[in-house]
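Given next are the chains, with one letter for each unit.
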Amino acid sequence: MAFPEPKAKKPELPKKLVQNLECKQGAVRAVRFNVDGNYCLTCGSDKSLKLWNPHKGTLLKTYSGHGYEVLDAAGSFDNSQLCSCGADKTVVLWDVASGQVIRKFRGHAGKVNCVQFNEEATMILSGSIDSSIRCWDCRSRGVVPIQILDEAKDGVSSLKVSDYEILSGSVDGRVRRYDLRAGELYSDYVGSPVTSVCFSKDGQCTLAASLDSTLRLLDKDTGELLGEYTGHKNTAYKLDCCLSEKDTHVASCSEDGQVYFWDLVEGSLTLSLPVGRGVVQSLSFHPSEPGLLTATEGRVQFWREESHPAGS
């Protein structure tokens, strides 16, 4: 006799504050989970990059080498290297364990807003206010990028990389997707400066946040608008958006000190999480569990679901 499948638990949202990190690095410009969600990176306006264990609230290492504020960072798939970028126009490759700079890549003509490794961490991609995406080879000693993608007509604000594609958002109001297998560029016009883009976990959709205080969910292949999410405030700052770990909800920072969650399918506002008084500048969702990092002013907070056992 076959037992009935257990009923799927309703997805829980992270709304219980479990850690408060006073980062002591000026304003935190970005917070990013590493690939497995055990660690996180914070980018400071004081030129520093810091590595934390957010589950325990402990600082593990500080990385110093940028000449101006750090704007984005990412960890490699094996946690051995970090990359970061900043207002000093550079992209930096770091050794995690030693804290040393391995390479500094110069070539962008203005501040670098976003940075990502490719899947094997053999390459770094960076997007800049100079309207270009540059691809840097981590293994070669060459100083020039191996490729420059210059289709954007204004600054590149956000960048994501899958195993065969590059997704970018630009101030020119377009979401661009470079399909490297097919050698094709797909462009979708949103109409308002795009501040953040991301892929859904199932790879079928893209999510874009823009300065008309609207998030848009697009079908990746057709560009069809599948959903719009409103209620938050985003008219002036570059703020992050993301999807929850199982693609059930859409989340966004807001200029009113809250993080907003919408039901992905229904488009209804599910939760507004009061984070702080100032702008919530950055967020990062745990890759496999209901966990959320938020950055507001000089502090990062770690939120978990209500049923999460305390102290674990």
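If you're wondering where the values come from, they're calculated on a predicted model, not measured in any experiment.

Description of the sheet that holds strand 18 (residues 194-199)
Move 1: Overall, antiparallel pairing links the 4 strands, which are arranged 18-19-20-21 in an open sheet. Of all the strands in the sheet, the pair left with one neighbour each is strand 18 and strand 21 (225-230). Within the sheet, the average angular offset between the axes of one strand and its neighbour, ignoring direction, is 20 degrees.
Move 2: Two strands pair when backbone bridges link them, and strand 20 (residues 214-219) and strand 21 are joined in this way by 5 bridges, in the antiparallel orientation. Residue Thr 214 lies in a different strand from strand 21, and its bridge partner there is Thr 230.

With respect to the UniProt feature "repeat: WD" (unreviewed entry) in the chain
Move 1: Annotation from UniProt places "repeat: WD" (unreviewed entry) at residues 21-62, 63-104 and 105-137.
Move 2: The span residues 63-104 carries 0% helix and 57% strand; its end-to-end C-alpha distance comes to 13 Å.
Move 3: Between the C-alpha atoms that bound residues 105-137 there is a distance of 10 Å. The span itself is 0% helix and 58% strand.

Some thoughts on the nonpolar core
Move 1: Core analysis: the largest hydrophobic core is formed by 15 residues, its most contacted members being Val 259, Phe 261, Leu 273, Val 275, Leu 283 and Leu 292.
Move 2: Going through the elements one at a time, strand 24 (258-263), strand 25 (269-274) and strand 26 (280-285) are the ones with two or more residues in this core.
Move 3: The dominant element in this core, judged by the number of residues it contributes, is strand 26, at 3 residues.
Move 4: What Val 259 contacts, discounting residues up to four positions off in sequence, is Ser 252, Leu 271, Ser 272, Leu 273, Val 275, Val 280, Leu 283, Leu 292 and Thr 294.

Details of unusual backbone geometry
Move 1: One non-glycine residue with positive phi stands out, namely Ser 131, at about 75 degrees.
Move 2: Judged by relative accessible area, which is 15%, Ser 131 ranks as buried.
Move 3: Positive phi, normally seen in glycine, also occurs at Ser 213, with a value near 55 degrees.
Move 4: Relative to the elements of secondary structure, Ser 213 occurs in the loop between strand 19 (205-210) and strand 20.
Move 5: Residue Ser 213 is classed as buried on the basis of its relative accessible area of 13%.

Observations concerning the packing of aromatic side chains
Move 1: Applying the stated criterion to the full structure yields 6 aromatic pairs.
Move 2: Relative to Trp 94, the ring of Tyr 63 has its centre 5.7 Å away and its plane inclined at 70 degrees; by these criteria the two rings are edge-to-face. Of the two residues, Tyr 63 sits in strand 5 (residues 58-64) while Trp 94 sits in strand 8 (residues 90-95), which places them 31 residues apart along the sequence.
Move 3: With a relative accessible area of 0%, Tyr 63 lands in the buried category.
Move 4: Taking relative accessible area as the criterion, Trp 94 reaches 0% and is therefore assigned buried.
Move 5: When the ring of Tyr 260 is compared with that of Trp 262, the centres are 6.0 Å apart and the planes differ by 25 degrees; the resulting orientation is stacked. Note on accessibility: Tyr 260 and Trp 262 belong to one class, buried.
Move 6: Among the aromatic residues, ring-to-ring pairing joins Tyr 229, Tyr 260 and Trp 262 into one connected group.
Move 7: The side chain of Arg 181 reaches across the aromatic face of Tyr 164, ending 3.6 Å from its centre.

Digging into the environment of Cys 23
Move 1: By the secondary structure assignment, Cys 23 is in the loop between strand 1 (14-22) and strand 2 (28-33).
Move 2: Under the relative-accessibility criterion, Cys 23 is labelled buried at 1%.
Move 3: Spatially, the C-alpha atoms of Cys 23 and Arg 299 are 5.5 Å apart, while their sequence positions differ by 276 residues.
Move 4: With residues up to four places along the chain from it excluded, the contact list for Cys 23 reads Val 28, Thr 42, Lys 50, Trp 52, Gly 298, Arg 299 and Val 300.

Looking at the sheet that holds strand 4 (residues 48-53)
Move 1: Reading across from one edge, 2-3-4-5 is the order of the 4 strands in this open sheet, with antiparallel pairing throughout. Two strands in the sheet have a free side with no partner beyond their single neighbour: strand 2 and strand 5. The sheet shows a mean angle of 20 degrees between the axes of neighbouring strands, direction not considered.

Each value, and the rule that gives it
- Residues numbered from 1 in each chain as written.
- Predicted model: local features only at pLDDT ≥ 70, side-chain atom pairs only at ≥ 80, totals over all residues.
- Heavy atoms only, no water.
- Pairing = 2+ DSSP bridges.
- Helix = DSSP H or I, 4+ residues; strand = E, 2+ residues; numbered from the N terminus.
- Axes fitted to C-alpha atoms, helices over the stretch in contact; angles between N-to-C directions.
- UniProt positions renumbered as here; feature names shortened; annotations may be inferred.
- Core = buried A, V, L, I, M, F, W, Y, C linked by side-chain atoms within 4.5 Å.
- Buried < 20%, exposed > 50% of the residue type's maximum accessible area, 1.4 Å probe, protein only.
- Contact = heavy atoms within 4.5 Å.
- Phe/Tyr/Trp six-rings, centres within 6.5 Å; stacked < 30°, edge-to-face > 60°.
- Lys NZ or Arg CZ within 6 Å of the ring centre and 35° of its normal.

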